[in-house]
Every structure is written in C-alpha cells, then in structure tokens.
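# Coordinate inspection notes
So you can see what is in the structure, the chains are spelled out below.
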Amino acid sequence: MSAAAETAAGAVPAEKRCAWLLRLADTSLVLGQRLSEWVGHAPALEEDLALGNIALDLIGQARLLLAYAGQLEGRGRDEDQLAFLRDAPEFYNVSLAEQPNGDFAQTIVRQVLLDAWQLELYHSLTGSADESLADIAAKALKECRYHWRFSSGWLVRLGDGTEESHMRAQAALDGLWRFTEELLTPDGLDSQMASHDIAPPLAALRSRWEARIAAALEESTLRAPAPVFFPWHGKRGVHTEHLGHLLAEMQHLPRAYPGATW
Amino acid sequence: MVSGAVSQAGVPLEQQVWQTLETVMDPEIPALSIVDLGIVRHVRVSEDGRTHVGITPTYSGCPATELIETSIREALDDQGIADVVLERVLWPAWTSEWLSESGRRKLEAYGIAVEHTPNGRVACPRCGSRDVQRLSEFGSTPCKAHFRCSACLEPFDTFKCI
C-alpha cells in the first residue's frame, strides 16, 4: 500500500465510505439470511449443507464489513447493532439479495447473479486504496470462488437438465433479471468511491459480470432476457416489500430481548 | 518487544506461550491444535509485559472463532499468563497450506483426508484407495468437503484446500 493510495482513501469522508460499505455488508447479510431459510428444507442433504455453509460465509463477510463500517461511522455501533437495530430504509443491500427463495431454481439463479457480482467486485477490491477493505476482500474472494462453482454448476444441471428444470430455471431468470441493472449502474456514491480508487468503476465491473454470466447461461442453455428498465434502488434504502419481512424474523430476538446473551 | 522476558517456568515467555497454544484444540476438529491449523499468526510480548497473540479465521463465518479465543485465554490463564491481548489478523488470508505436517498426519489419523496440493488428489483415510468421489464441496464444517470412497464405500470428510 503506497502512502499516496492511503491518502486517496482518506480524502473521502468516513461517512461516505461507511455508507458505501453498508451496500456490500447488507447485501451479504441479507443474502446469507435468505439462504439460511433453506436449512432443513433443501432438496437433498448435500445441498442443505452447501446452502447453510454459503450462508455462514456470507454472514461472516457481513460481520467483518459491518464491524469496519461501524468503526468508520464513529458512533460506537458494532456489527450486532448495525445488523439488528436498523430498519429497512436504513439497509442498503441491492434489491436482488432480498428476493424470496422461491423454488430451488430461483434460489440458484439469484445466487449465480450475485456470486458473479461479488466475485468480480471482491477481486477488484483486493487492490482497493482502502487497505482494511482490501484485506476483507482478499478473505471473501477465496470463499466467493467456491460459491460460484456451486451455483454455476447447479445452473448447468438445471438449465441443461430436464424439461421441467429448464423451464423453472428460465422462469427464475426472467423474473429476477430486472434486479440486475442495479448491480451495474453507478450512482453518485459508487462513482465517488471509484474516483478515489476505493472501489472499481462499475462500468469495468459490468463487462466482466456480463461476460461471466453470458458464458454460464450458454453452458446452461438458458437465454438472457432483454434489458429491463428498473425502478429498484435497494442500495439507496428503497426496498421491495420482502425486506421488511426478512428483517422482522432476523431481528426479532435482539429487539424483543435487548442485550440478551447466552 | 521484550525479547528477554522469562516466564515463571524459567523458559522464554514467547516459547511458553507457543507451547501452551499447542495444547489448545480446534473445537470442531479436536485432533488438531490451533498451531497445527496455522491460525496463530504471531506471539509478541510488548514493552508493558502483556502478551499479544494474533489469530486469523480459517473462514469468515467460522463459528469456532470465538470459542477458540476463549480457549486461548483460559489455557494461558492456567499458565499464569493473564491479560492477553488477542489480535485478529485478516491479511494475509488463511490458506490450507499453513496446516503443519504434523497437523496433516493428525487429521488423517483422525479420519479426515487432506487434499494433496497441487494436484488435488485425495486418498481414503480408511483404506488408502485413491478411487474416491467428491459428493459435495461442502461438509459438516466450513473447512471440510464431503467424499465417498469407491473401494470401501465409506463416506469421509476432506479438509478443503483454499
């Protein structure tokens, strides 16, 4: 890490860096919570374990990111307070992460779309001007690699499987595609992070994400739907109706019994 | 750094800390100490006499991390080394290459195979056959994958390479 790079990261107000980190942290947390809903319900024991393990990795990544965001925020909130004591409009995950599990195909398609995004994003973030973020990214990247192997492997089996599995995978893709634009379209905060080398420009991320997804879809014999204009802005705190229900379940215990320990 | 610090037992303090950490077992793989696992990154005694132990998580969400921290404190307390400062180290990220040679042997004796790097070959820990199948890249803990031996037909865990 050069002194110049460290200065570049420091030039961005901590409040902005915290706000941007919450997009990453909340995406991992919400997706991890969604996947954990499969525990005890997956189609086979191996998949139950796989989804539970991926959920655990994602929640672990969220914890590292939230702890760091809390430090930057400087208001004494730790990762637990950030996870359990914010309401939906204060969550900044991308809207795709909060979409319901649906059937196994929908869970896999959602996972493929987000795994590809996290994989490319964390790969770039290992070179971030923010050294603490680069360290977290290097850790997360190792885990994202095998998450992608799992989800993209299942996409091929579903897409290039039976007529029924193909139909369900295509239906899931058609239903979720409208949420992908949010992953790749920068707003002011994304651009500010990119201009200070904290995060990659989303335009560069877009081409790598699109190439990765196109290859996976081709192997799976699935069609990418036409681009859709999207009104979703989860990363600005405007969510679909599903997030509130997810948070109600996730946050129930610490809110009902503040400070509970065991 | 107080390089000359000596413990009550008469051995250099850092050495005594390392020896004690070798007795702290991974709660999920009790055959393996945290030193064998390669998660202890440093032991330092600072100017004020406090012992600093740096540990790194194997996986971001490994639920054993906190229990391991408690076990480290307890083990060092028992040796009269109190007030330990535990430091979480993220970089460089843990890799299965840090598993010690003795750790590999202990795992295999315990019934957990270890992927042979760099060719990824796995041998059944029970019968030694290399005719094995990977059933899932995920297992009973984040650090293990699930395999089956095609020779003796027994399922077994394999320590993942990351």
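Scope of this entry: the structure provided in the associated data block. (Residues numbered from 1 in each chain as written. Chains lettered and ligands numbered in written order. Predicted model: local features only at pLDDT ≥ 70, side-chain atom pairs only at ≥ 80, totals over all residues.)

On to the overall build of chain A. When helices and strands are tallied, chain A shows 12 helices and zero strands. Put simply, chain A runs from its N terminus to its C terminus through helices and strands in the order α-α-α-α-α-α-α-α-α-α-α-α. Its C-alpha atoms give chain A a radius of gyration of 18 Å, within 12% of the compact-globule value 18 Å for 262 residues. Taken along the three principal axes of its C-alpha coordinates, chain A extends 55 × 45 × 35 Å. (Helix = DSSP H or I, 4+ residues; strand = E, 2+ residues; numbered from the N terminus. Rg over C-alpha atoms; globule rule 2.2 N^0.38 Å.)

This brings us to the sheet that holds strand 6 (residues 144–149) of chain B. Residue and element names in this part refer to chain B. If you trace the four strands from one edge of the open sheet to the other, you get 4-7-6-5, paired in mixed fashion. Edge strands, defined here as strands with exactly one partner in the open sheet, are strand 4 (112–114) and strand 5 (132–136). Strand-to-strand twist of the sheet, defined as the mean angle between neighbouring strand axes without regard to direction, takes the value 40°. Pairing of strand 4 with strand 7 (residues 155–159) involves three bridges; the strand directions are parallel. Bridge pairing links Val114 to Phe159 in strand 7. On the sheet, helix 4 (residues 101–110) packs against strand 4 and strand 7 and is oriented at approximately 140° with respect to strand 4. (Pairing = 2+ DSSP bridges. Axes fitted to C-alpha atoms, helices over the stretch in contact; angles between N-to-C directions. Contact = placed C-beta atoms within 7 Å.)

For the rest of this paragraph, the subject is the nonpolar core. With 114 residues, the main nonpolar core has Leu21, Ala25, Leu65, Ala69, Val109 and Leu113 of chain A as its most contacted residues. Ranked by the residues each element gives to this core, the list is headed by helix 3 (residues 45–73) of chain A, at 15 residues. Formed jointly, this core draws a minimum of three residues from each of two domains, domain 1 (13–95) and domain 2 (111–159) of chain B. Residues in contact with Ala69 of chain A, not counting those within four places in the same chain, are Cys18, Leu21, Leu22, Ala25 and Leu82 of chain A. (Core = buried A, V, L, I, M, F, W, Y, C linked by C-beta atoms within 7 Å. Buried ≥ 20, exposed ≤ 12 C-beta atoms within 10 Å, placed from the backbone. Domains from an automatic or database assignment.)

Time to look at the sheet that holds strand 2 (residues 51–55) of chain B. All names here are of chain B. Ordered in space as 1-2-3, the three strands form an open sheet in which the pairing is mixed. The open sheet has two edge strands, strand 1 (40–45) and strand 3 (85–88), and neither has a second partner. Across the sheet, the mean angle separating the axes of adjacent strands is 20° when strand polarity is ignored. In the sheet, strand 2 pairs with strand 3 via four bridges, with the strands oriented parallel. Bridged to His52 within strand 3 is Val85. The sheet contacts of helix 1 (residues 13–21) involve strand 1 and strand 2, and relative to strand 1 the element is tilted by about 145°.

Moving on: helix 8 (residues 163–176) of chain A. Residues and elements named next belong to chain A. If you check helix 8, its first and last C-alpha atoms are 20 Å apart, about what 14 residues at 1.5 Å a residue would give, namely 20 Å. For helix 8, the set of buried residues is Arg168, Ala169, Gln170, Ala172, Leu173 and Leu176. For helix 8, the elements touching its buried residues are helix 5 (95–98), helix 6 (104–125) and helix 7 (131–159). (Expected span 1.5 Å × (residues − 1).)

Quick look at the packing of helix 3 of chain A against helix 7 of chain A now. All names here are of chain A. Relative to each other, helix 3 and helix 7 sit at 165°, their axes nearing to 11 Å. Relative to helix 7, the element helix 3 is oriented roughly antiparallel. For the element pair helix 3 and helix 7, the recorded crossing hand is left-handed. Seen from helix 3, the contacting residues are Ala50, Ile54, Asp57, Gln61, Leu64, Leu65 and Tyr68; seen from helix 7, they are Ser132, Ile136, Ala140, Glu143, His147 and Phe150. The residue makeup of the contact of helix 3 with helix 7, split by class, is eight nonpolar, three polar and two charged. (Parallel < 35°, antiparallel > 145°, perpendicular 65-115°, else oblique. Left-handed = near helix turned anticlockwise from the far one by under 90°. Nonpolar A, V, L, I, M, F, W, Y, C, P; charged D, E, K, R; others polar.)

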